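Breakdown of the fold
Now for the letters of each chain:
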Amino acid sequence: NGLSSGFGNYENKEAGWGGPPRDAAYNSFGGRSDRSKSAFFNDRGAGSRGRWVSLRSVIYERGGFAGGGNSRWAEESRDDDWSKPTAPNERLEHELFSASNTGINFEKYDDIPVEATGSSCPPHIESFHDVEMGEIIMGNINLSRYTRPTPVQKYAIPIIKSKRDLMACAQTGSGKTAAFLLPVLSQIYTEGPGDALQAENGRYGRRKQYPISLVLAPTRELALQIYDEARKFAYRSRVRPCVVYGGADIGQQIRDLERGCHLLVATPGRLVDMMERGKIGLDYCHYLVVDEADRMLDMGFEPQIRRIVEQDTMPPKGIRRTMMFSATFPKEIQILARDFLEDYIFLAVGRVGSTSENITQKVVWVEETDKRSFLLDLLNATGKDSLTLVFVETKKGADALEDFLYREGYACTSIHGDRSQRDREEALHQFRSGRCPILVATANVKYNINVKHVINFDLPSDIEEYVHRIGRTGRVGNLGLATSFFNDKNSNITKDLLDILVEAKQEVPSWLESLAYEHQHKSNNRGRSKRFSGGFGARDYRQTPGSGSFSNNRSGRSAGGHGGNRGFGGGKQTIRTGVFCSFFFFFFNCYENYGRM
Ligand code: ADP
Ligand code: MG
């Protein structure tokens, strides 16, 4: 079977997989570190493999998790080495890895600038082999056909591996999920479950689960996507990933949790519910990931997040490892970072989707009354079958436009906040499958899809929303197209839009330039929002003069590890010197910038 080659290949390339030294907790479970056992990987003989399957995995077999159960293993196995792969399972392997990612355009990728700041930042890697992640991870990287790390992965993996907290600002489509899953899972494999396992074993019927790692995500779609990725990298391991999210049957999720949960992906509201029902204990949660933090705050999840992280039994910062990911770094996120992270490394990853030339961004002047006929022209031009996402301002507008397109004979569907979870799922399914290749949507629904064409039928008033929207196309090195209808109603976004277009080396219509010029002179000193200066989504505010006053704002609370990291030089690494001129630009503006945050 072709797929199964992932692990074997790795074994051949890398002689010896000797993991890092085992710690005390691990040894207490009687782990083995005999190198000769690596032969197991190439030897699929049923007779020999059973010996290395742990007692734990046998429990899973009974629970139906690992599949391909062989009760004979139960008597034979005594090991509890989480760093060793469990038996392969062809059906599962096929399910997890057959839908491969489409070819990643690494030439474009390597151009993305990354900047790491913070005290003694570990050096970045260039290849997955530059850091020891163990045979399970390497095998699954092979099966996933990830040949090289993306820029955010090059930096984040060694940072997380060296047990540093991380605040990373990167756009969607940059490969953040694997950037945190690989090092976190790798550490769980080498260190074993520790106390979490004992706690779990101590309860009758394993009712309450004590995940070792928690990933918080804003929406069901994102949580599911992270969960799918986690299942890939947990393949042939003793780690069982679970996912919980709102708007779906809680009983089913509870039953799944009860089958074991070491890595939990959750939306905040549903997790609080699970905690209050006594189904989840965070007492042994040593890895916390907050993904798309800015979106979660936008959605009003801050109280739930604080409830989960600060007001329950989760180990405090400094004890647990914490990683936060966000597209932008506004003040609210800075405060969250300060409260959740200990002496963190700040990673600014250049914008992938939006600024890269992967996306052709067009802005066209269209009066309100002409929008519909213009849209039809566009749809006819791009071809019937390419996935097109049309953004409109209001729910009513979405319904009306869907109805109009339907009457004009287009296979389309729509999705917005008034739709039930079920309807939304159905619409997304119809869209993804290509049965309805046109999806009309409002801004307040979050997706994770890669489309050919994003059309801003109505432009948003906020440039970040624009960046998020067009990030739905041109993902991971694919080419994409974004067309925006602009008219008098959109003057508030003029300047920011112009900046984005210039920065991404897009064609700028001359009328937009003159509008921006007029606009700037009218609203003289208001300036632009400089969140995106220099091709980055955000900056490490600790690096800007005056950041001390921020720490003092809330004098009652600890300022965390921010003290020693100020100044421009310390620990900065860049992988593209071309951005230096933008640094100058940034330095000129940073003080003013800070004042605005
Ligand atoms: P983000 O969270 O930054 O939006 P994702 O983690 O969802 O990005 O990754 C986007 C896509 O890229 C996913 O389909 C993922 O499988 C793929 N991907 C991630 N890392 C790599 C890699 N190193 N090589 C190839 N594909 C990758
Ligand atoms: Mg993501």
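A quick note: this is a predicted structure, and the numbers were derived from the prediction, not measured.

1. Quick notes on the overall build of the protein chain
The helix and strand tally for the protein chain stands at 25 helices and 15 strands. The buried share of the protein chain, taken over its 597 residues, is 58%. Contacts in the protein chain between residues far apart in sequence, at least 24 positions, make up 78% of those at least 6 positions apart. With an accessible surface of roughly 24000 Å², the protein chain has 49% of that area assigned to carbon and sulfur atoms.

2. Considering unusual backbone geometry
We note that arginine 236 has phi near 60°; this positive angle belongs to a residue other than glycine. Mapped onto the fold, arginine 236 is located in the loop between helix 12 (220-233) and strand 4 (241-244). For arginine 236, a relative accessible area of 3% puts it in the buried group.

3. Some details on the pattern of salt bridges
Proximity of charged atoms lets side chains of opposite charge pair with each other. Under the counting rule described, the total for this entry stands at 25 salt bridges. Of the charged contacts in the structure, one is a salt bridge between glutamate 126 and lysine 154, with a shortest N-O distance of 3.3 Å. Of this pair, glutamate 126 sits in the loop between strand 1 (114-117) and helix 8 (134-143) while lysine 154 sits in helix 9 (residues 151-161), and the two are 28 residues apart along the sequence. In the salt-bridge network here, residues are joined through shared partners; they are Glu302, Arg306, Glu310, Arg338 and Asp339.

4. What about the UniProt feature "short sequence motif: Q motif" (unreviewed entry) in the protein chain?
When the UniProt feature table is mapped onto this chain, "short sequence motif: Q motif" (unreviewed entry) is found at residues 126-154. Annotated as residues 126-154, this span is 48% helix and 0% strand, and its ends, taken at the C-alpha atoms, are 6 Å apart.

5. Some remarks on the packing of aromatic side chains
If you walk through the whole model with that rule in mind, you get 10 aromatic pairs. Centre to centre, the rings of phenylalanine 374 and phenylalanine 485 are 5.3 Å apart; their planes meet at 80°, and the pair counts as edge-to-face. Note that phenylalanine 374 is positioned in helix 18 (residues 371-382) and phenylalanine 485 in strand 14 (residues 480-486), a separation of 111 residues in sequence. What makes phenylalanine 374 partly exposed here is its relative accessible area of 29%. By relative accessible area, phenylalanine 485 is classed as buried at 0%. Seen in terms of ring centroids, phenylalanine 486 and tryptophan 511 are 5.3 Å apart; in terms of plane orientation they differ by 50°. Their pairing is tilted. Taken as a pair, phenylalanine 486 in strand 14 and tryptophan 511 in helix 23 (residues 510-522) lie far apart in primary sequence, 25 residues in all. Phenylalanine 486 sits in the buried class, given a relative accessible area of 1%.

6. Some details on the pairing of strand 4
By the alternation rule, side chains of strand 4 split into Pro241 and Val243 and Cys242 and Val244, which are all buried. Here strand 4 runs beside strand 5 (residues 263-266); their pairing, made up of 4 bridges, is parallel. If you follow cysteine 242 over to strand 5, its bridge partner there is leucine 264. Between the parallel pair strand 4 and strand 5, the chain is carried across by helix 13 (residues 250-257), and the sense of this crossover is right-handed.

7. Regarding the sheet that holds strand 9 (residues 359-365)
Strand order in the open sheet formed by 6 strands is 9-14-13-10-12-11, with parallel pairing between adjacent strands. The two strands at the open ends of the sheet, each matched to only one other strand, are strand 9 and strand 11 (412-415). When the angles between neighbouring strand axes are averaged without regard to direction, this sheet yields 20°. One ladder, built from 5 bridges, connects strand 10 (residues 388-392) with strand 12 (residues 438-442); its direction is parallel. For threonine 388, the partnering residue across the bridge sits in strand 12 and is isoleucine 438.

8. With respect to the nonpolar core
Formed by 55 residues in total, the largest nonpolar core has its most connected members in Met133, Ile141, Leu166, Phe180, Leu182, Met323 and Leu347. In terms of residue count, the dominant contributor to this core is helix 10 (residues 176-191) (9 residues). Excluding residues within four positions of it along the chain, phenylalanine 180 makes contact with Ile160, Val215, Ile226, Val289, Asp291, Met323 and Phe325. The next biggest cluster of nonpolar side chains, apart from the first, holds 40 residues, and it includes Met167, Val272, Ala293 and Leu336.

9. Here we look at the pairing of strand 11
The alternating pattern of strand 11 places Cys412 and Ser414 on one face and Thr413 and Ile415 on the opposite face, and all of these are buried. With 4 bridges connecting them, strand 11 and strand 12 associate as parallel partners. Its bridge partner being in strand 12, threonine 413 is matched across the sheet by leucine 439. Between strand 11 and its parallel partner strand 12, the chain crosses via helix 20 (residues 421-432), and the hand of that crossover is right-handed.

10. Some details on the environment of valine 366
Along the chain, valine 366 falls in the loop between strand 9 and helix 18. Judged by its relative accessible area of 2%, valine 366 is buried. Counting along the chain gives 120 residues from valine 366 to phenylalanine 486, while the straight-line C-alpha distance between them is 5.7 Å. Each residue touching valine 366, except ones within four places of it in the same chain, is listed here: Lys371, Phe374, Phe485, Phe486 and Asn487.

11. A closer look at the side chain of histidine 416
Looking at where histidine 416 falls in the secondary structure, it is placed in the loop between strand 11 and helix 20. With a relative accessible area of 2%, histidine 416 lands in the buried category. Within the structure, the side chain of histidine 416 is placed 3.2 Å from the side chain of aspartate 399, a separation counted as a polar contact.

12. Let's talk about helix 20
Counted at 1.5 Å a residue, the expected span for helix 20 with its 12 residues is 16 Å, and the 16 Å between its end C-alpha atoms agrees. The set of residues buried in helix 20 consists of Gln421, Ala427, Leu428, Gln430 and Phe431. Elements that come into contact with the buried residues of helix 20 comprise helix 12, strand 10, strand 11 and strand 12. Taken from the residues just after helix 20, glycine 434 is the one with a positive phi, measuring 90°.

Cut-off values and rules
- Residues numbered from 1 in each chain as written.
- Chains lettered and ligands numbered in written order.
- Predicted model: local features only at pLDDT ≥ 70, side-chain atom pairs only at ≥ 80, totals over all residues.
- Heavy atoms only, no water.
- Helix = DSSP H or I, 4+ residues; strand = E, 2+ residues; numbered from the N terminus.
- Buried < 20%, exposed > 50% of the residue type's maximum accessible area, 1.4 Å probe, protein only.
- Contact = heavy atoms within 4.5 Å.
- Areas by Shrake-Rupley, 256 points an atom, 1.4 Å probe, with all protein chains shown as cover.
- Salt bridge = Lys/Arg side-chain N within 4 Å of Asp/Glu carboxyl O.
- UniProt positions renumbered as here; feature names shortened; annotations may be inferred.
- Phe/Tyr/Trp six-rings, centres within 6.5 Å; stacked < 30°, edge-to-face > 60°.
- Pairing = 2+ DSSP bridges.
- Right-handed = clockwise from strand over helix to strand, strands pointing away.
- Axes fitted to C-alpha atoms, helices over the stretch in contact; angles between N-to-C directions.
- Core = buried A, V, L, I, M, F, W, Y, C linked by side-chain atoms within 4.5 Å.
- Polar contact = N/O pair within 3.5 Å; in protein donor to acceptor, adjacent residues only side chain to side chain.
- Expected span 1.5 Å × (residues − 1).

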